[in-house]
Amino acid sequence: MQNKLSFHQSSVSLDIVGLPDYSNNENKDQISIISQWKLNIVNKPLIEGKIEHLGPIMNAFYIYSNLLIKNEIPIYESELIDIKADNLHIHNIVLKSSKPNVKPLILKIGNSLLSDTINCFDQLNESSKVRIKKTGFSKNIPKKVRIGVFNKENIINFVIPPFIAIFTLILLSSAFIYFHNPIENKEKIEQINSK
Amino acid sequence: MPNKITIWKLRNNNPLRKSYVNNNIKLIEFDALIKITVEMSRYLYPYIREILKSKEDLEKNSVIWKDFNKRLIELIKERFNLDSMRVKKLLNQTENDEIIVKSLLTLSLCISNKGYEKLKNFLFEF
């Protein structure tokens with residue numbers, strides 16, 4: 001028997017169907033293995049897809065809303081989903097099917113439905129009953145946003161270890177100078193040559 | 001926040017207000033204001049949503065948007081320093097739509113349990 005969880009926010013609902021991971025001794029009502037998901041927006045076609053599509057679609061909405069709020073160009077494009085602002089109030093969503101010969105699904109949603117959808121995703125993220133594997137996150141982030149995600153701390157963590165390594169090598173190699181005596185070495189070579 | 005008067009006094013840290021006083025707001029007070037804002041937007045989400053929705057359909061008469069905008073402008077004129085360029089921008093009909101929509105959208109996206117962290121991030125990156 002599969003578990004079903006629904007998250008609602010005004011005109012949007014998100015249904016998650018799946019099973020608990022019994023190998024991790026999880027509770028009966030937990031969902032860790034998602035088998036099906038549906039995003040239902042009132043007066044719009046039903047959105048459903050493969051399990052591995054849920055994460056990238058959620059990320060697309062989050063990244064797009066961040067761009068929108070931070071006054072950056074609100075365009076998100078990926079192999080799976082494109083989101084673009086038609087104007088200040090309407091957003092154009094293109095969902096591309098992975099199956100051949102299937103036309104992309106085009107939706108136009110306003111700010112109210114956009115915030116409902118993101119609030120549904122927030123509920124799913126914060127739910128203790130569902131665990132989602134986060135996949136394909138960094139792959140689809142536009143360059144501008146990457147700077148925001150990899151913040152100063154991450155950059156410092158990335159840059160400092162090689163610097164420490166280089167300085168340690170310099171320090172160690174300079175210590176070897178004390179053991180190396182070029183005059184003594186010359187004498188040794190001369191002795192060998194005279195022999 | 002010990003009482004409402006403390007919140008009322010903290011509002012004077014806003015440089016756009018007529019009664020602006022630089023009291024050097026403490027971090028704990030800044031956090032408290034964010035928490036209050038998140039709680040208020042959670043409570044007012046249905047209204048925020050309706051205001052945003054009323055502006056979406058250009059063919060329909062956006063009465064809710066007009067009422068909200070009218071009241072907001074009244075409050076700005078009553079309480080804000082009208083000599084400030086930023087306040088003038090807020091009162092400019094052609095420019096303030098974007099500011100209002102984005103502010104309402106920001107509030108509507110911060111109603112989850114982690115809304116406090118979200119709003120704080122938005123404000124720091126503003």
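You'll find the structure just up there.
Below: a short report on this structure. (Residues numbered from 1 in each chain as written. Chains lettered and ligands numbered in written order. Predicted model: local features only at pLDDT ≥ 70, side-chain atom pairs only at ≥ 80, totals over all residues.)

**Structural notes on the packing of helix 1 (residues 51-69) of chain A against helix 2 (residues 111-126) of chain A**
Residue and element names in this part refer to chain A.
Thinking step 1. With their axes 10 Å apart at the nearest point, helix 1 and helix 2 run at an angle of 125° to one another. With respect to helix 2, the element helix 1 is oriented oblique. Seen along the crossing, helix 1 lies across helix 2 with a hand that is left-handed. Facing Met58, Phe61, Tyr62 and Ser65 of helix 1, the residues of helix 2 in contact are Leu114, Thr117, Ile118 and Phe121.
Thinking step 2. Here the contact of helix 1 with helix 2 is composed, by residue class, of 6 nonpolar, 2 polar and no charged. (Axes fitted to C-alpha atoms, helices over the stretch in contact; angles between N-to-C directions. Helix = DSSP H or I, 4+ residues; strand = E, 2+ residues; numbered from the N terminus. Parallel < 35°, antiparallel > 145°, perpendicular 65-115°, else oblique. Left-handed = near helix turned anticlockwise from the far one by under 90°. Contact = placed C-beta atoms within 7 Å. Nonpolar A, V, L, I, M, F, W, Y, C, P; charged D, E, K, R; others polar.)

**Quick notes on the packing of helix 2 (residues 27-56) of chain B against helix 5 (residues 93-108) of chain B**
Residue and element names in this part refer to chain B.
Thinking step 1. Running from N to C, helix 2 and helix 5 point in directions that differ by 140°, and their axes come no closer than 9 Å. Taken together, helix 2 and helix 5 sit at an angle that is classed as oblique. The hand of the helix 2/helix 5 crossing is left-handed. Where helix 2 approaches helix 5, its residues Ser41, Tyr45, Ile48, Arg49, Ile51, Leu52 and Lys55 are matched on the opposing element by Val101, Leu104, Leu105, Leu107 and Ser108.
Thinking step 2. Class assignment for the residues of the contact of helix 2 with helix 5 results in 8 nonpolar, 2 polar and 2 charged.

**Some remarks on the pairing of strand 6 (residues 81-85) of chain A**
Each regular strand shows side chains that alternate between the opposite faces of the sheet.
All names here are of chain A.
Thinking step 1. As defined by bridge partners, strand 5 (residues 75-77) adjoins strand 6 across 3 bridges and the pair is classed as antiparallel. The partner of Ile75 across the bridge, within strand 6, is Lys84.
Thinking step 2. The antiparallel hairpin formed by strand 5 and strand 6 contains 3 residues in its connecting segment.
Thinking step 3. Pairing of strand 6 with strand 7 (residues 90-95), which is carried by 5 bridges, proceeds in the antiparallel orientation. Bridged to Ile81 within strand 7 is Leu95.
Thinking step 4. Where strand 6 folds back on strand 7, the antiparallel hairpin that results is connected by 4 residues. (Pairing = 2+ DSSP bridges.)

**A short note on the interface of chain A and chain B**
Thinking step 1. In this complex, chain A contributes 18 residues to the contact, which on the side of chain B involves 19 residues.
Thinking step 2. Secondary-structure elements contributing two or more residues to the side of chain A that touches chain B are helix 1 and helix 2 of chain A.
Thinking step 3. Of all the elements, helix 2 of chain A adds the most residues to the side of chain A that touches chain B, at 8 residues.
Thinking step 4. Classifying every residue of the side of chain A that touches chain B gives 5 nonpolar, 10 polar and 3 charged.

**Things to note about unusual backbone geometry**
Residue and element names in this part refer to chain A.
Thinking step 1. In this structure, Asn25 takes a positive phi of about 55° despite not being glycine.
Thinking step 2. Tracing the backbone shows Asn25 in the loop between strand 2 (12-19) and strand 3 (33-41).
Thinking step 3. Taking the C-beta count within 10 Å as the criterion, Asn25 has 7 such neighbours and is therefore assigned exposed.
Thinking step 4. Here the phi dihedral of Asn43 falls at roughly 65°; this positive angle occurs in a residue that is not glycine.
Thinking step 5. Tracing the backbone through its elements, the reader meets Asn43 in the loop between strand 3 and strand 4 (47-48).
Thinking step 6. The exposed category is assigned to Asn43, around which 7 C-beta atoms lie within 10 Å. (Buried ≥ 20, exposed ≤ 12 C-beta atoms within 10 Å, placed from the backbone.)

All quantities given are derived from atomic positions and should not be read as evidence of function.
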